[in-house]
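Below are the chains, spelled out letter by letter.
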Amino acid sequence: MTHGYDVAHFLAGTMLVASFTLLYQDRIFAVLNTFAAQAMALALAVAWQGYVQHHPDLFITAAMAFGLKGIVIPLALNRMVVRLGIHRDVDQAVNVAMAMFLGLGLTSLALLLVLKVTPGAASFTREGLALALAIILLGFLMMITRRNAVTQIVGFMSIENGLILAATGARGMPLVVEVSVAFSVLIALFVFAVFVFRIRERFDSVDIESLDRVRGERR
Amino acid sequence: MNEAVYAVAGIPVISGLLLALIPGYRITAIGNVIASGLTFMASLTFLAMPPIVENYVILDSLNTFFIVLNTLVGFTTSAFSASYIGHEIKTGHLTPLFVRFYHALFQGMMASMNIALLANNIGVMWVGLELATLMTVIMVGIYRTPNALEAAWKYFILGIVGISLAFFGTILVYLAGQSVLGEGLPAMTWSRLLSSAPQLDAGLLNLAFIFLLVGYGTKVGLAPLHAWLPDAHAEGPTPISAVLSGLLLNVALFALLRFKMLMAAHPGALKPGPIMIAIGLLSLIFAAFMLYRRRDIKRLFAYSSIEHMGLITFAFGMGGPLANFAGLLHMVMHSLTKSAIFFAVGHVAQAKGTQRLADIRGLSVSHPALAAGLALGVVAISGLPPFGAFMSEFLILTTTFAREPLLALAAAFGLLVAFGALLLRLQGVLFGTPAGADHKVNASSLPLIVHLTLVLAAGLYLPAALIAWFQRAAELLG
């Protein structure tokens, strides 16, 4: 089972690297491409889990991740970015070095936490889980540091990638959950799309900063 | 599975789909009321039913109580919503198309909350809460003003963070269950997990509970993660504020309680009590002080919801049959009273054309009926006798005092601070010379009267059957 173990780690590691890349990319198209790459790595990781665990139903989840998150959603967002005319630079709240530093901190936190409390579980599961938690935490960090609505969407979807990785790594978790996660991503995109267009309509910008101006209580 | 279970989950789903297809806001408003009423009646049959434990569905004393409360407040809110929405259409705040959408979403939200409450599968419970969150996000943003959009965005971002953390916690619980119950469905079935709780891995459970507490705690509106709550309450349509405060916060807390029961059944696991006490007290005292600085009437009552959810979390954190009993009772009282207050506030804001506290003055002269309703609601929520919240708050404080006098003092301090703020604001709103706009509203006061009567009746006399039922639920909580 050692090479099954290696491949799973390689794919989860690839996703983690993509998460780090997402943190510092400052052009919006690069962010979308990196996200697509992460989603494809997720699809491969899920398919591999399906093969190793002999759960063919995981291939459905893999196909959904590949088709929807790897191709359809990045393309849709790409078109949206072009239509809105915001394919300029993406501003960041903290600089690259700081973001990397925080990212490293969160990754080590995830590894230490999960590896410490799960000595009972199989190492195959627990290390996958640790990597998944790191991806989730990096997604949160991305949502916090980004100020642009589109890149926040990407941050949110990379969190979902981490969640699906964790769910498929847990052996035999019922499919109902995976389908619902994929389904909810779809709904979420719908919600987001509605928001993005409404924000555009109101402010001529998808910059969240312009929302901050109207924050709080009307005085 | 029982027909009533299908009805409670199914009626809102089907009527939501139907309402999306029917044009004409008057018909959909009536349809919304009828559908909510039917769901409520279906849920009443649960009272006479023996407990059900199946793979996907569970019905015990604890969730029967939540479901009946949920469908009751859903029903009265739909009646309030019909008169509220009529006014919004007349003034042009909402277009008929959006109202059609709104009613379909209202039913969808009720359906997902009922599913979350009925679920025996922790994954399905999570899905129910996530769907309810997404639907309320859309409804909060439905006015499409910059403020409404910002509120919805903030709610969405924080809601998603919470819900993702809760999902990770759910996966960890599954992993803990998997090594004992085997792969697949049993390890996600809450009742199976509970019966084999002592064999589960304590480390995994501890980690899971932290994720679940922060995740579902965000949805409950507990202090460090409450930022979405006041905005979402203030900027959305008022019926949604009533449903958010009265129901959604409860359902999220219910999910948390299910996992607390799991933790309590494991002797070696972390004790959830002290953490819940700390977070509850923090929310209570923080929100109590924040009440003084509010300028917006709906925000004021949103902070009051944070305060009361803090108190309820505190009570469940104390644990034991008596504190749990008081916590459950306070949950019901808060749900009924807070939604009644929002019914009154909704019409007040429509009559005055503003939500600014400074612009709402002399209500007792210009709108005596609304003023009386609001005043009674505020008196009830402040925990004054003879209303039900007095009894539940009194019970919480006395049981705490018997065990941890210092904690009881802290809680009492928070309650007094909040009490002062609410009375101060109420005085400003009710008295003085009426100023500002004065629109005509056809307020339907029936939902308000029903809620206040129930709260008053509970304060004066609780039937023995009801007490026995609460006690059973409190014992389940451990």
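Residues numbered from 1 in each chain as written. Chains lettered and ligands numbered in written order. Predicted model: local features only at pLDDT ≥ 70, side-chain atom pairs only at ≥ 80, totals over all residues.

Remarks on the overall build of chain A
Just so we agree on the cut-off: Secondary structure elements follow DSSP: runs of H or I of four or more residues count as helices, runs of E of two or more count as strands, with numbering from the N terminus. Three exposure classes are used, based on other C-beta atoms lying within 10 Å of a residue's own C-beta, which is placed from the backbone: buried for 20 or more, exposed for 12 or fewer, and partly exposed in between. Two residues qualify as a contact pair if the distance between their C-beta atoms, derived from the backbone, is within 7 Å.
Along its length, chain A carries eight helices and zero strands. Along chain A, helices and strands appear, N-terminal first, in the series α-α-α-α-α-α-α-α. Expressed as a percentage of its 219 residues, the buried residues of chain A come to 45%. Long-range pairs, those at least 24 residues apart, make up 71% of the contacts in chain A with a sequence separation of at least 6.

A look at the overall build of chain B
Along its length, chain B carries 19 helices and two strands. The C-alpha extent of chain B, read off along each of the three principal axes, is 65 × 55 × 45 Å. Counting only residues that meet the buried cut, chain B has 62% of its 478 residues in that class. Of the contacts formed within chain B by residues at least 6 apart in sequence, a portion of 81% connects residues at least 24 apart.

Quick look at the packing of helix H6 (residues 149-169) of chain A against helix H6 (residues 146-181) of chain B
Our working rule: What counts as an axis is a line fitted to C-alpha atoms, over the stretch in contact for a helix, and the angles between N-to-C directions run from 0 to 180 degrees. Reported orientations rely on four angle classes, namely roughly parallel under 35 degrees, roughly antiparallel over 145, roughly perpendicular from 65 to 115, and oblique for the rest. Put simply, Ala, Val, Leu, Ile, Met, Phe, Trp, Tyr, Cys and Pro go in the nonpolar bin, Asp, Glu, Lys and Arg in the charged bin, and everything else, Gly too, in the polar bin.
Remark: H6 of chain A packs on H6 of chain B, axes separated minimally by 10 Å, with the N-to-C direction vectors making an angle of 10°. Here H6 of chain A lies roughly parallel to H6 of chain B, going by the angle between them. Here Phe-156, Ile-159, Leu-163, Ala-166 and Ala-167 of chain A of H6 of chain A come into contact with H6 of chain B, specifically with Ile-160, Ser-164, Phe-167, Phe-168 and Ile-171 of chain B. Residues that form the contact of H6 of chain A with H6 of chain B fall into these classes: nine nonpolar, one polar and no charged.

Looking at the confidence of the model for chain A
All names here are of chain A. Short version of the rule: For every residue, the predictor assigns a confidence score, pLDDT, that lies between 0 and 100.
In this model, chain A carries a mean pLDDT of 77, and residues with pLDDT of at least 70 account for 70%. Element-level pLDDT for chain A is lowest in helix H8 (residues 209-212), with a mean of 54, against a maximum mean of 89 in helix H2 (residues 28-53). A low-confidence stretch, residues 213-219 stays under pLDDT 50, and its non-local contacts, those more than four residues away or across chains, total nine contacts.

A few points about the packing of helix H11 (residues 272-290) of chain B against helix H12 (residues 297-318) of chain B
Residue and element names in this part refer to chain B. How we decide: In a left-handed crossing the near helix is turned counterclockwise from the far helix by less than a right angle, and in a right-handed crossing that turn is clockwise.
Two elements in contact, H11 and H12, have axes separated by 7 Å at closest approach and are oriented at 155°. One finds that H11 runs roughly antiparallel with respect to H12. Seen along the crossing, H11 lies across H12 with a hand that is left-handed. Two secondary-structure elements touch here, H11 through Gly-273, Met-276, Ile-277, Ile-279, Gly-280, Leu-281, Ser-283, Leu-284, Ala-287, Ala-288 and Met-290 and H12 through Tyr-303, Ile-306, Glu-307, Met-309, Gly-310, Leu-311, Thr-313, Phe-314, Phe-316, Gly-317 and Met-318. Partitioning the contact of H11 with H12 into residue classes produces 15 nonpolar, six polar and one charged.

Describing the environment of Leu-247 of chain B
Residues and elements named next belong to chain B. By the secondary structure assignment, Leu-247 is in helix H10 (residues 238-264). Looking at Leu-247, the number of C-beta atoms within 10 Å reads 26, which means it is buried. A C-alpha to C-alpha distance of 9.9 Å links Leu-247 and Ile-67, two positions 180 residues apart in sequence. Those residues in contact with Leu-247, other than ones at most four positions away along the chain, are Asn-70, Val-73, Gly-74, Met-113 and Ser-335.

What to know about helix H1 (residues 3-21) of chain B
Residue pairs spaced three or four apart in an α-helix point in one direction, given the helix's 3.6 residues per turn. All names here are of chain B. Applicable threshold: Expected span of a helix: the number of residues minus one, times 1.5 Å. Fitting axes to the seven residues ending at a residue and to the seven starting there, one defines the bend at that residue as the angle between these axes.
In this model H1 runs 26 Å from its N-terminal to its C-terminal C-alpha over 19 residues, within 8% of the 27 Å that 1.5 Å per residue would give. The largest bend in H1 is about 35°, located at Gly-10, with the proline Pro-12 one to four residues further on. Elements that come into contact with the buried residues of H1 comprise helix H2 (25-44), strand S2 (58-59), helix H3 (61-90) and helix H4 (96-118).

Notes on helix H16 (residues 388-403) of chain B
Residues and elements named next belong to chain B. End to end, H16 covers 23 Å across 16 residues, agreeing with the expected 22 Å (1.5 Å per residue, within 8%). What H16 keeps buried is the set Gly-388, Ala-389, Met-391, Ser-392, Glu-393, Ile-396, Leu-397, Thr-399 and Thr-400. Lining the buried residues of H16 we find H12, helix H13 (320-352), helix H15 (368-381), helix H17 (405-430) and helix H18 (446-460).

Quick notes on unusual backbone geometry
The linkage connecting Pro-385 of chain B with the following residue, Pro-386 of chain B, adopts the cis geometry, with an omega of 5°. If you trace the backbone, Pro-386 of chain B turns up in the loop between H15 and H16.

Concerning the environment of Leu-47 of chain B
Residues and elements named next belong to chain B. Mapped onto the elements, Leu-47 comes out in the loop between H2 and strand S1 (52-53). Through-space distance from the C-alpha of Leu-47 to that of Ser-444 is 29 Å; in sequence the pair is 397 residues apart. Beyond its immediate chain neighbours, meaning those up to four positions away, Leu-47 contacts Thr-64 and Val-68.

Examining the confidence of the model for chain B
All names here are of chain B. Residues with a pLDDT of 70 or more make up 100% of chain B, whose mean pLDDT is 88. Helix H14 (residues 363-366) is the least confidently modelled element of chain B, averaging 82 in pLDDT, while H12 averages 93, the highest of any element. Across the assembled chains, the prediction reports ipTM 0.84 with pTM 0.89.

Details of the environment of Ile-164 of chain A
Summarising the element assignment, Ile-164 of chain A is placed in helix H6. Residues Ile-164 of chain A and Val-46 of chain A, 118 residues apart in the sequence, show an inter-C-alpha distance of 8.3 Å.

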